[in-house]
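Each chain, letter by letter, is given below.
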Amino acid sequence: MDTSTQTQLTQSHTRVPWSAVVVYTILACGLAWLVMLPLWLGDGLTDPNAMLLIGAMMFTPSIAALIVTFTMVRPAKKARYLGLVPFRPVWRNIVLFLGWPLVFLVLAFGAFFIGVLFGWTTPDWSASSLQTALGDDTTVAAYMAVSFAWLPLTILMSTVSAFGEELGWRGFLTSALAPLGFWKSAGIIGVIWGLWHAPIILLGYNFNRTDVTGLLWMCGFTLCVGVLLQWSRYWTGNVWPAAVGHGALNSVTSLTFLWLPAGFDSAFSTVLGAPGWIAMGIVIVVLALLKQPRRKLELTSPARS
């Protein structure tokens, strides 16, 4: 690639394509509502197809990202713009593939213990609620052992569906908002990501709140975890580790439920709520003190002499 062409490509990524961002947001959210429409017209989260539809909803950001990237933005390096490449240096990806599950496991249980420490929740150390649900055929110890043993496979499966979201949030949208800088773009993406969850949050998903407060709790969560996942896009240049981190978070969070009492409030006892904000906030402060991320997002290939 000659110098003049490289300069033109670089200049094309110095402004935010706001029209594309708006269309993407409308498409992603609109498609999410469309997928969830059967639940709103039917039995809500008690519908037997609820989890299947929620899984389908997770791919709406990818669909929106592909449409807007190929029809509106049309970058010269589409795969790079969407965060599918580069994959070098490979070691950074490997570090996060192995590290994110451990990090989010620590954050999830750290948030649980913060909730206990602050008196926001009372742990059920005997897991009596779980034992009641299991009946006499399975012990709590056996169930927990199987849950932790299957965690790698669970994370792998969750990563597939998480990629459906990440191609949109940490792929297209992170690239589109890159001219604003890391922190501003992370804030905007965190809010959009949280509001995208409206079709399920307003049905009582995650927080058991069917009004705007549930949506506010979700936005708080997506703002915090969004910073961490976006940092991985900047550090590696691609969305794959973010998908693994997202999948790991979805998988490990449910493990903390094993010691929570029946009818627990996610907003005050899990990584989704205030305890999670504190746990992730500590990591975010550390990143800020270390002046992370140290590099800008590269949306063009390095120039060749």
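In the block above lies the structure referred to throughout.
Residues numbered from 1 in each chain as written. Predicted model: local features only at pLDDT ≥ 70, side-chain atom pairs only at ≥ 80, totals over all residues. Heavy atoms only, no water.

## What about the overall build of the chain?
Moving on, step 1. Helix and strand counts for the chain come out as 15 helices and 0 strands.
Moving on, step 2. Here the chain has a C-alpha radius of gyration of 20 Å; the compact-globule value for 305 residues is 19 Å, and the two agree.
Moving on, step 3. In terms of principal-axis extent, the alpha carbons of the chain reach across some 70 × 45 × 30 Å.
Moving on, step 4. Every one of the 305 residues in the chain was classed for burial, and the buried ones make up 50%. (Helix = DSSP H or I, 4+ residues; strand = E, 2+ residues; numbered from the N terminus. Rg over C-alpha atoms; globule rule 2.2 N^0.38 Å. Buried < 20%, exposed > 50% of the residue type's maximum accessible area, 1.4 Å probe, protein only.)

## Looking at the packing of aromatic side chains
Moving on, step 1. Counted according to the given criterion, the structure contains 24 aromatic pairs.
Moving on, step 2. An angle of 35 degrees between the planes, with centres 5.0 Å apart, marks the rings of W100 and F104 as tilted. Of the two residues, W100 and F104 are both situated in helix α6 (residues 90-117); the distance of 4 residues between them amounts to about one turn of the helix.
Moving on, step 3. Given a relative accessible area of 0%, F104 falls into the buried group.
Moving on, step 4. An aromatic cluster of at least three residues, connected via ring pairs, comprises F118, W120, F207, W217, F268 and W277. (Phe/Tyr/Trp six-rings, centres within 6.5 Å; stacked < 30°, edge-to-face > 60°.)

## Focus on a nonpolar patch on the surface
Moving on, step 1. On the surface, L117, F118, W120, F268, I278, I282, V286 and L290 cluster together into a nonpolar patch covering about 740 Å² of accessible area.
Moving on, step 2. Per-element accounting of the nonpolar patch gives the leading share, 3 residues, to helix α15 (residues 274-289).
Moving on, step 3. Position of F268 among the secondary structure elements: in helix α14 (residues 266-269). (Patch = residues over 30% accessible without salt bridge, like charges linked within 9 Å, V, L, I, M, F, W, Y side chains within 5 Å. Areas by Shrake-Rupley, 256 points an atom, 1.4 Å probe, with all protein chains shown as cover. Salt bridge = Lys/Arg side-chain N within 4 Å of Asp/Glu carboxyl O.)

## Some words on the nonpolar core
Moving on, step 1. Of all hydrophobic cores here, the largest spans 80 residues; its most connected members are Y24, F104, F172 and L173.
Moving on, step 2. Per-element accounting of this core gives the leading share, 12 residues, to helix α12 (residues 212-236).
Moving on, step 3. When residues no more than four places from it in sequence are discounted, the contact partners of L173 are V21, Y24, G168, I189 and I192. (Core = buried A, V, L, I, M, F, W, Y, C linked by side-chain atoms within 4.5 Å. Contact = heavy atoms within 4.5 Å.)

## Focus: unusual backbone geometry
Moving on, step 1. Residues V85 and P86 are joined by a peptide bond in cis, for which omega reads 5 degrees.
Moving on, step 2. Relative to the helices and strands, P86 resides in the loop between α5 (78-81) and α6.
Moving on, step 3. In this structure, the amide linkage connecting R88 to the following residue, P89, adopts the cis form with an omega of 0 degrees.
Moving on, step 4. Locating P89 in the fold gives a position in the loop between α5 and α6.
Moving on, step 5. A positive phi angle is found at N206, which is not glycine, with a value near 75 degrees.
Moving on, step 6. Classification of N206 by relative accessible area gives partly exposed; the value is 26%.
Moving on, step 7. The phi dihedral of N208 is positive, around 55 degrees, even though this residue is not glycine.
Moving on, step 8. Within the fold, N208 resides in the loop between α11 (198-201) and α12.

By themselves, these observations are geometric and do not establish any function.
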